[in-house]
Amino acid sequence: MNIIPIVFAFDNNLAMPAAVCIYSLFRHANKDTKYHVIILHSDAIELNKEYITKVSDKYPLHTIEYLAVSDSIFGNAFEIRGITNLTYYRLLIPQLISDYDKVIYSDVDVIFRKDLSEIYSLNLDDSFFGGVKALANIDPYLNSYYSKTLKLDPKNIIYAGNLMINSAILREDESIISDFIRLSRDKLKYQDLDIINLRCAGRIKYLPPEFCLSTYISRAIALNDPAISEIWSDEEIIEAMSHGIIHYNGQKPWRDVCINFDVWWEYYRQSPIFDPKWYYEFFYRRLTALDRLPLWKRVKILARYFIHGQLKD
């Protein structure tokens, strides 16, 4: 049996989408894959486990462990855009979880579409983290932010929402966790993402886009941005579009229409937590709102939707 440790961190505001995310993970597990899911949460709350329990009951082969983290560790951490200090918990994983030398971390605004054995087997060598390039160099604001403010190469910035963590190597660096905590107090616009890219520059392994098919990457691929082909091969792009981990790192599909929102809703519909009333109300409200728009606006919305392209399961 191939045991793969994967860590999530969330609070009660994300308990429902977390269950959909974990359902998609379990659904695509190979017969010889067993996931050890470790859920980090603040010790200041009683985490709502109802949704997750329904998923675990359906897939008893996999194990789910809950780990409370002291809320005081990042008590003075910088918060922005409504993202709380929970986002920094991933930085503590090598210290909190000592049973594994290599761990996958994932945000929960994610849909998995394949087994993770292949990606987990990748050798990180002496890199601290493995992640997917964020294409910061093709966005004028991000390009300026990373090159001028943080003095980093925008071409080498990775996302922090889907990470391979080389815990064994990180534990060898006695100062790195304390450095992470210290940097969390700085006013870094992208919080943990900036901390990882700042502190670990030169010790990051770049993974194929299937490991984090973000909303931004999906849009760049659909619009045939030439920067895409400079980074990844056609085969890597096709695999990402077909089976990549979809990361909704912008608008959330359970809140409003966004790129690949239909993929998320189809997984929700098939999950053990499906509520037909909520499902109906979500789409009914949006169809009603669409009906109120003039024809030209409806055509514009539909054109934008199809130009961006949609991913199929």
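Per chain, residue numbering runs from 1 following the sequence as it is written. Confidence filtering applies because this is a predicted model: local features only for residues at pLDDT of at least 70, side-chain atom pairs given and counted only at 80 or more, and all residues used for totals across whole chains, interfaces and linings. As a convention, hydrogens and water are excluded, and side-chain values are obtained from all of the structure's heavy atoms.

## Describing the overall build of the chain
Looking only at helices and strands, the chain has 14 helices and ten strands in total. For the radius of gyration, the atom set is restricted to C-alpha positions; the globular benchmark scales as 2.2 Å times the number of residues to the power 0.38. Relative to the compact-globule value of 20 Å for 313 residues, the chain shows a C-alpha radius of gyration of 19 Å, a close match. Based on the C-alpha atoms only, the size of the chain along its principal axes is roughly 60 × 45 × 40 Å. Residues counted as buried form 50% of the 313 residues belonging to the chain. In what follows, a contact means two residues having at least one pair of non-hydrogen atoms within 4.5 Å. The long-range share in the chain, meaning contacts at least 24 apart out of those at least 6 apart in sequence, stands at 80%. Exposure was quantified through the Shrake-Rupley algorithm and a 1.4 Å probe, taking into account, for residues, occlusion by the shown protein chains and nothing else. Here the chain displays about 14,600 Å² of accessible surface, and carbon together with sulfur accounts for 51% of that area. Residues scored as charged are limited to Lys and Arg (positive) and Asp and Glu (negative), so that His and the chain ends carry no count. Where a charge sits is defined by one atom per residue type, namely NZ (Lys), CZ (Arg), CG (Asp) or CD (Glu). Separation between the mean location of the 36 positive side-chain charges and that of the 40 negative ones in the chain comes to 7 Å. The helix and strand labels rest on DSSP assignments: H or I over at least four residues marks a helix, E over at least two residues marks a strand, and numbering proceeds from the N terminus. Only protein chains enter the accessibility calculation, which uses a 1.4 Å probe. A residue is then buried if its area is under 20% of the maximum for its type, exposed if over 50%, and partly exposed in between.

## Brief notes about unusual backbone geometry
Keep in mind that most residues, glycine aside, have a negative phi and that most peptide bonds are trans. At K151, a position not held by glycine, the phi torsion is positive, near 60 degrees. Tracing the backbone shows K151 in the loop between α5 (140–149) and β7 (162–165). The phi angle at N260 is positive, at roughly 65 degrees, despite the residue not being glycine. Checked against the element boundaries, N260 lands in the loop between β10 (246–247) and α12 (261–270). The class for N260 is buried, based on a relative accessible area of 2%.

## Details of the packing of aromatic side chains
Aromatic pairing here means that ring centres of Phe, Tyr or Trp (its six-membered ring) are within 6.5 Å. Orientation follows from the plane angle: under 30 degrees is stacked, over 60 is edge-to-face, and everything else is tilted. Under the criterion given, the structure shown has 24 aromatic pairs. Seen from their ring centres, F129 and F180 are 6.4 Å apart, and the 50 degrees between their planes marks the pair as tilted. Within this pair, whereas F129 is found in strand β6 (residues 129–131), its partner F180 is found in helix α7 (residues 176–183), the two being separated by 51 residues in sequence. Residue F129 is classed as buried on the basis of its relative accessible area of 1%. With relative accessibility at 0%, the residue F180 sits in the buried group. A ring pair is formed by W265 and Y268, whose centres lie 5.4 Å apart and whose planes are at 80 degrees; its orientation type is edge-to-face. Highlighted residues: W265 and Y268, both in helix α12, separated by three residues, approximately one helical turn. Look at Y268 and you get buried, because its relative accessible area is 2%. Taken together, W254, F261, W264, W265, Y268, F274, W278, Y279, F282 and F283 form an aromatic cluster joined through their ring pairs.

## Brief notes about the sheet that holds β10
Within the open sheet, the three strands sit side by side as β5-β10-β9. Their pairing is mixed. Two strands lie at the open edges of the sheet, namely β5 (110–111) and β9 (213–214), each paired on one side alone. In this sheet, β10 lies alongside β9 in parallel orientation, the contact comprising two bridges. Each residue of the ladder has a partner; that of L213, found in β10, is I246. In this analysis, strands are considered paired if DSSP registers two or more bridges between them.

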